[in-house]
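Observations on chain architecture
Chain residues, written in single-letter form:
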Amino acid sequence: MNKGAFDSRRRLATPLSKLVVLSLFIFGWLVSTAPAQDSQPSAVLFEDVRVFDGKSAGLSGPTNVLVRGNKIEKISTAPIPLDRTSNTRIINGGGRTLMPGLIDMHWHTMFVRPSHSEVLVWDLGYANLVAGAEATDTLMRGFTTVRDMGGPSFGLKRAIDDGVVSGPRIFPSGAVITITGGHGDFRQLFEVPRILGSPLTRMEQQGASMVADSPDEVRVRVREQLMLGATQIKLTAGGGVASPHSPLDVSTFTEPELHAAVEAAENWGTYVTVHAYTPTSIQRAIAAGVKCIEHGQLMDEPTARLMAERGIWLSTQPFPDEIAKAFPPNSQEHAKALEVIAGTDKTYTLAKKYKLKTAFGTDILFSQSQATQQGAMLAGLVRWYTPAETLAMATGTNAQLLTMSGNRNPYAGKLGVVDEGALADLLLVDGNPLENIQLIAEPARNFVVIMKDGKIYKNIVPEVSTRR
Ligand SMILES: [Zn+2]
């Protein structure tokens, strides 16, 4: 063999072998993060656990909980006899706490890891793989369900539901719907004016956000998201912190525009939620029939009273100071972030005073390291709530808001509670989170079992026995 032929063959062999190694790696990654379907027992018995049921102020006494298939079959203080014909795994709880999987009501599955500048320019195939890896991490933090508040998450949701990649249940909104210049309009100034009927912008092609400037346009965009599988619809009713062209004080959609979205969503048996901080934007949304307000940090007392009277949900979060630090000092975005953060205490105080139906969601964006603080952000609610109230909000209460998706809810069964007949999304916590809420801030160490839909995704409790 002459040297030239050898070299060319080696040149050929190297990329080929790399491809083989890469495909083995990808295959191995899929296998290790997907649920091990074959090794799953048909029933799981948690023995000697104390139950936080997602609603109560305290833990139960020593209890046994039997999961069969994807549901909780039996909860009993007496021993639960085992069916000899089924393959049951016994987990010795040793007095640890069994609680419902956590729910994050304001999550952006596709936008957790990319930086703000990457998000509109990166390849969507790559973005989906990164979002899949983040979804696995999200589940491993004990968040078994997320409500996606904007972004092209339909493919990821399907991959998770099909067992291709492990991750939480997703209630997708699809693209955020905004007005020209509103929160979520990330176009550059040179892209204005838009000619009606012109090709879609990059953010619209990706399904990240859609611009709509009339009731008719809103209807089209809402119906498109519903066709794609949205479980609820998200509009931005006022200005936002991170958007380049929307001051915080502005109200964006008109009432007829908001109403067009509400009508289209209600025709599909579901609801509209809006991003809104200010009293005007919140009140206008409520007048148009919107059922849920995201954030609300600049609300006032009459607005809180109106929300209470109408039974409107508040889905909010205590934003950490880091979100302001993410913007250059003296920038408009920095000032806007400080203004929103300053409103947090007042909003939670009003929410408690008027007993608002209050849900919890983190809204962590553009930061993988911030995402590791998902549980810590929840634990931060003890500034206003007891640990039991905090955990009930992120489980049973959040699940009540999810039921507003009606027939668009893709997951038949009860979420967010430990009840007989409920879906088996469960965490076994090494300790009592009602005494030490900080346990939920360190999920890797303290969540010793993570179960979703009856399947065990993590179990580091020493095995006692497996009975048939
Ligand atoms: Zn958001």
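Residues numbered from 1 in each chain as written. Predicted model: local features only at pLDDT ≥ 70, side-chain atom pairs only at ≥ 80, totals over all residues. Heavy atoms only, no water.

Counting its regular elements, the protein contains 14 helices and 19 strands. Dimensions of the protein, computed from C-alpha atoms along their principal axes, come out at roughly 85 × 70 × 45 Å. Counting only contacts in the protein whose residues sit at least 6 apart along the sequence, the fraction spanning at least 24 positions is 70%. The centroid of the 46 positive side-chain charges in the protein is displaced by 5 Å from the centroid of its 46 negative side-chain charges. (Helix = DSSP H or I, 4+ residues; strand = E, 2+ residues; numbered from the N terminus. Contact = heavy atoms within 4.5 Å. Lys, Arg positive; Asp, Glu negative; His and termini not counted. Charge placed at Lys NZ, Arg CZ, Asp CG, Glu CD.)

The next subject is the coordination of the zinc ion. Every protein donor of the zinc ion is listed here as H106 (NE2), H108 (NE2) and D363 (OD), and their distances to the metal cover 2.0 to 2.3 Å. All donors of the zinc ion belong to a single chain; written as a sequence motif, their spacing is H-x1-H-x254-D. Of this pair, H106 sits in strand β6 (residues 102–107) while D363 is found in the loop between β15 (358–360) and α11 (368–371), placing the two residues 257 residues apart along the sequence. Classification of D363 by relative accessible area gives buried; the value is 13%. (Donors = N, O, S within 2.8 Å, 3.2 Å for Na, K, Ca; no water. Buried < 20%, exposed > 50% of the residue type's maximum accessible area, 1.4 Å probe, protein only.)

Turning to the sheet that holds β6, a few remarks are in order. Read from one edge of the open sheet, three strands run β6-β7-β8, paired in parallel fashion. Only two strands of the sheet have a single partner each, and these edge strands are β6 and β8 (169–171). Adjacent strand axes in the sheet meet at a mean angle of 20°, parallel and antiparallel pairs treated alike. Sheet topology note: the strand β7 (residues 143–148)/β8 ladder contains three bridges and is parallel. Of the residues in β8, the one forming a bridge with T145 is R169. Most of the contacts of helix α2 (residues 124–140) go to β7, to which it runs at about 125°, and overall it touches β6 and β7. (Pairing = 2+ DSSP bridges. Axes fitted to C-alpha atoms, helices over the stretch in contact; angles between N-to-C directions.)

Right, let's get into helix α10 (residues 332–353). Compared with the 32 Å implied by 1.5 Å per residue over 22 residues, the 32 Å span of α10 between its first and last C-alpha is a close match. For α10, the principal kink sits at T344 and spans about 35°. Listed in full, the buried residues belonging to α10 are H334, K336, A337, V340, I341, G343, T344, T347, Y348, L350 and A351. The inward-facing, buried residues of α10 abut β13 (292–295), α8 (301–310), β14 (313–316), α9 (322–325) and β15. Of the residues one or two after α10, K355 is the one with positive phi, at around 50°. (Expected span 1.5 Å × (residues − 1). Bend = angle between axes of the 7 residues up to and from the residue.)

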